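What follows is the residue order along each chain.
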Amino acid sequence: MTQHLLTTAIAASLVLTVASAHAATDYPTKPITIIVAYAPGGMGDAFARILSERMTVVFKQPVIVDNKPGASGAIGARLLAKSAPDGYTLMLGQTGEIAVNQSAMKNPGYDALRDLRPVILVGDSPLVMVAPVTATFGTVAELSQALVARPGKLTYASSGSGTPGHLAAAAFATGAKADAVHVPYKGAGPALSDVLGAHVDFFFSSASAALPHIRSGKLKAIAMSGTSRSASMPTVPTVAESGQPGFSFSLWGGVFAPEKTPDEIVKILNVEINKIIVDPQIKARLEGQGAVVRANTPEEFAAFVRNEAAKYGPIVKQAGVVTE
């Protein structure tokens, strides 16, 4: 009897294994959702929509972008962590909810390194510090002087507490030896709207969200947050070259799946999305928004994520950022 039960169990296990492999081979057979943990208008949203257009064609299934803003990206990340690991719910994860929240939040409700599985890095972009066209300052030096002259009076927007834009602005104010007031929003779109309306004084935005407004003359580009100038805005200096050596913050976005997503599905997604992002037309669209784009494997992206998480821990502590 015991031998019969063992044989039956083994047979059932083999059936499940074959069925799982067959399901992965057929993937996808229904619509795919890509969660974006911020409101429409930011870099992650732009990346997700560019991908969804081409993935819909490649996979012959609808690929839907679902914005779930709030809690510095934690709401969307929690949703992904609790989703079925079948490849039909993905997330365009970004620096904040992946590398920062674990250090900045008392209880994020998920562990980015444990609960989310890196699939592919889509693009990496420095932030651009922007200000209303009516601002009295137009350079890093002039903004620094304004901050010192009016301590605690100037305001800066962010896409949420603990996001790279928040940390960049807090670090900038510290570097200028001055105070500024943080005004968090639920994404780059709402934040930019208030910068355009001159309701806040400056904002470290993703280049993808800010570029159209900079090019149309509706926003001033003050400085870039990377270690070198951006190819999309070569005349805009870096903060590092403008008085704060070593200043470096970037915003990146990549595709994540729930941790237990089968290897075969992750491989399919990585291979197909790699083809998409290196396609000349798609790559040009991504690079036109300030992103650096390169093909990569899940293992390379996972190593990148671990390094980013290790980097931001000390920065969060130094900035004294603690979010709920």
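Owing to the predicted nature of the structure, the values given are computational and were not obtained by experimental measurement.

*Asks:* So what exactly am I meant to see when it comes to the overall build of the protein chain here?
*Replies:* Of regular secondary structure, the protein chain possesses twelve helices and nine strands. In summary, the protein chain has a C-alpha radius of gyration of 21 Å against a globular reference of 20 Å for 324 residues, a match within 12%. For the C-alpha atoms alone, the extent of the protein chain along its principal axes is close to 85 × 40 × 30 Å. A total of 324 residues make up the protein chain; the buried ones form 53% of that total. Put simply, of all contacts in the protein chain between residues at least 6 apart along the chain, 79% involve residues at least 24 apart. On the protein chain, roughly 14000 Å² of surface is accessible, and the fraction owed to carbon and sulfur atoms is 57%. Distance between charge centroids for the protein chain: 4 Å, based on 27 positive and 24 negative side chains.

*Asks:* It is not clear to me how the side chain of Ser125 should be interpreted in this structure. Could you clarify?
*Replies:* Along the chain, Ser125 falls in strand β4 (residues 116–132). Residue Ser125 is classed as buried on the basis of its relative accessible area of 1%. Setting aside residues no more than four positions away along its own chain, Ser125 makes contact with Met43, Ala207, Ser250, Leu251, Gln289, Gly290 and Ala291.

*Asks:* Honestly, the pattern of salt bridges in this entry has me stumped. Any pointers?
*Replies:* Charged atoms that come close allow side chains of opposite charge to pair. Considering all chains together, one arrives at nine salt bridges under this definition. Notably, a salt bridge pairs Asp115 with Arg114, separated by 3.0 Å at the nearest N-O pair. Residue classification places Asp115 among the buried residues on the basis of a relative accessible area of 16%. Among the salt bridges present, the one from Lys275 reaches Glu272, with a minimum N-O distance of 3.5 Å. In this pair, Lys275 and Glu272 are both assigned in helix α10 (residues 263–278), three residues apart and thus about one turn of the helix distant.

*Asks:* Whenever I open this one, the nonpolar core confuses me. Can you help?
*Replies:* Note on soluble globular proteins: their nonpolar side chains tend to be buried together. Judged by nonpolar contacts, the single largest core of 80 residues is most densely connected at Met55 and Phe204. Of all the elements, β4 adds the most residues to this core, at eight residues. Apart from residues no more than four positions distant in its own chain, Met55 is found in contact with Ile34, Lys60, Gln61, Val63, Leu90, Leu269, Ile273 and Ile276. The next biggest cluster of nonpolar side chains, apart from the first, holds 19 residues, and it includes Val195, Val200, Ala209 and Met224.

*Asks:* Just to check I follow, could you spell out the environment of Lys267 for this structure?
*Replies:* Counting through the fold element by element, Lys267 comes out in helix α10. Residue classification places Lys267 among the exposed positions, given a relative accessible area of 53%. Spatially, the C-alpha atom of Lys267 lies 9.8 Å from that of Ile120, the residues being 147 residues apart in sequence.

*Asks:* Would you explain the environment of Glu300 in this entry?
*Replies:* Mapped onto the elements, Glu300 comes out in helix α12 (residues 298–319). For Glu300, a relative accessible area of 46% puts it in the partly exposed group. C-alpha separation for the pair Glu300 and Ala171, spaced 129 residues apart in sequence, amounts to 29 Å.

*Asks:* I keep staring at α12 and nothing clicks. Help me out?
*Replies:* Along an α-helix, residues three or four positions apart point the same way, because every turn accommodates 3.6 residues. Counted at 1.5 Å a residue, the expected span for α12 with its 22 residues is 32 Å, and the 31 Å between its end C-alpha atoms agrees. Taken together, the buried positions of α12 are Pro298, Phe301, Ala302, Phe304, Val305, Glu308, Ala309, Tyr312, Gly313 and Val316. Here the buried face of α12 lies against α4 (95–104), α5 (112–115), β4, α7 (164–175), β9 (250–258) and α10. At the exit of α12 stands Gly320, carrying a positive phi of roughly 70°.

*Asks:* How should I be thinking about the packing of helix α8 (residues 188–196) against helix α9 (residues 207–215) in this particular structure?
*Replies:* Helix-helix packing: each pair is described by the crossing angle between the helix axes and the interaxial distance. Interaxial distance between α8 and α9 falls to 10 Å at its minimum, and their mutual angle equals 30°. By the angle between their directions, the pair α8 and α9 is classed as roughly parallel. When you trace α8 past α9, the crossing you get is right-handed. On the side of α8, the interface is formed by Ala188, Leu192 and Leu196, while α9 contributes Ala209, Ala210 and His213. Taken together, the residues of the contact of α8 with α9 break down into five nonpolar, one polar and no charged.

*Asks:* Please clarify how α7 should be interpreted in this entry.
*Replies:* The end-to-end C-alpha separation of α7 is 16 Å, in line with the 16 Å expected for twelve residues at 1.5 Å each. Burial analysis of α7 places nine of its twelve residues in the buried class, the great majority of the element. Of the positions making up α7, those classed as buried are Pro164, Gly165, His166, Leu167, Ala168, Ala169, Ala170, Phe172 and Ala173. Lys177 sits one or two residues past α7 and shows a positive phi near 60°.

*Asks:* Explanation requested: the packing of α4 against α12 in the structure shown.
*Replies:* Their axes nearest at 8 Å, the elements α4 and α12 cross at an angle of 45°. Regarding the angle of α4 to α12, the classification is oblique. For α4 against α12, the interelement crossing comes out right-handed. Across the interface between the two elements, Thr95, Ile98, Ala99, Val100, Ser103 and Ala104 from α4 touch Val305, Glu308, Ala309, Tyr312, Gly313 and Val316 from α12. The residue makeup of the contact of α4 with α12, split by class, is eight nonpolar, three polar and one charged.

*Asks:* I would appreciate a short explanation of the packing of aromatic side chains in the present structure.
*Replies:* To describe a pair of aromatic rings, you give the distance between the ring centres and the angle between the ring planes. Per the counting criterion, the structure on display carries twelve aromatic pairs. Three or more aromatic residues joined by ring pairs make a cluster, and in this case those are Tyr156, Phe172, Phe202, Phe204, Phe247, Phe249 and Tyr312. Sitting over the face of the ring of Tyr88, Lys30 holds its NZ or CZ atom 4.8 Å from the ring centroid.

Cut-offs used in this document
Residues numbered from 1 in each chain as written. Predicted model: local features only at pLDDT ≥ 70, side-chain atom pairs only at ≥ 80, totals over all residues. Heavy atoms only, no water. Helix = DSSP H or I, 4+ residues; strand = E, 2+ residues; numbered from the N terminus. Rg over C-alpha atoms; globule rule 2.2 N^0.38 Å. Buried < 20%, exposed > 50% of the residue type's maximum accessible area, 1.4 Å probe, protein only. Contact = heavy atoms within 4.5 Å. Areas by Shrake-Rupley, 256 points an atom, 1.4 Å probe, with all protein chains shown as cover. Lys, Arg positive; Asp, Glu negative; His and termini not counted. Charge placed at Lys NZ, Arg CZ, Asp CG, Glu CD. Salt bridge = Lys/Arg side-chain N within 4 Å of Asp/Glu carboxyl O. Core = buried A, V, L, I, M, F, W, Y, C linked by side-chain atoms within 4.5 Å. Expected span 1.5 Å × (residues − 1). Axes fitted to C-alpha atoms, helices over the stretch in contact; angles between N-to-C directions. Parallel < 35°, antiparallel > 145°, perpendicular 65-115°, else oblique. Left-handed = near helix turned anticlockwise from the far one by under 90°. Nonpolar A, V, L, I, M, F, W, Y, C, P; charged D, E, K, R; others polar. Phe/Tyr/Trp six-rings, centres within 6.5 Å; stacked < 30°, edge-to-face > 60°. Lys NZ or Arg CZ within 6 Å of the ring centre and 35° of its normal.

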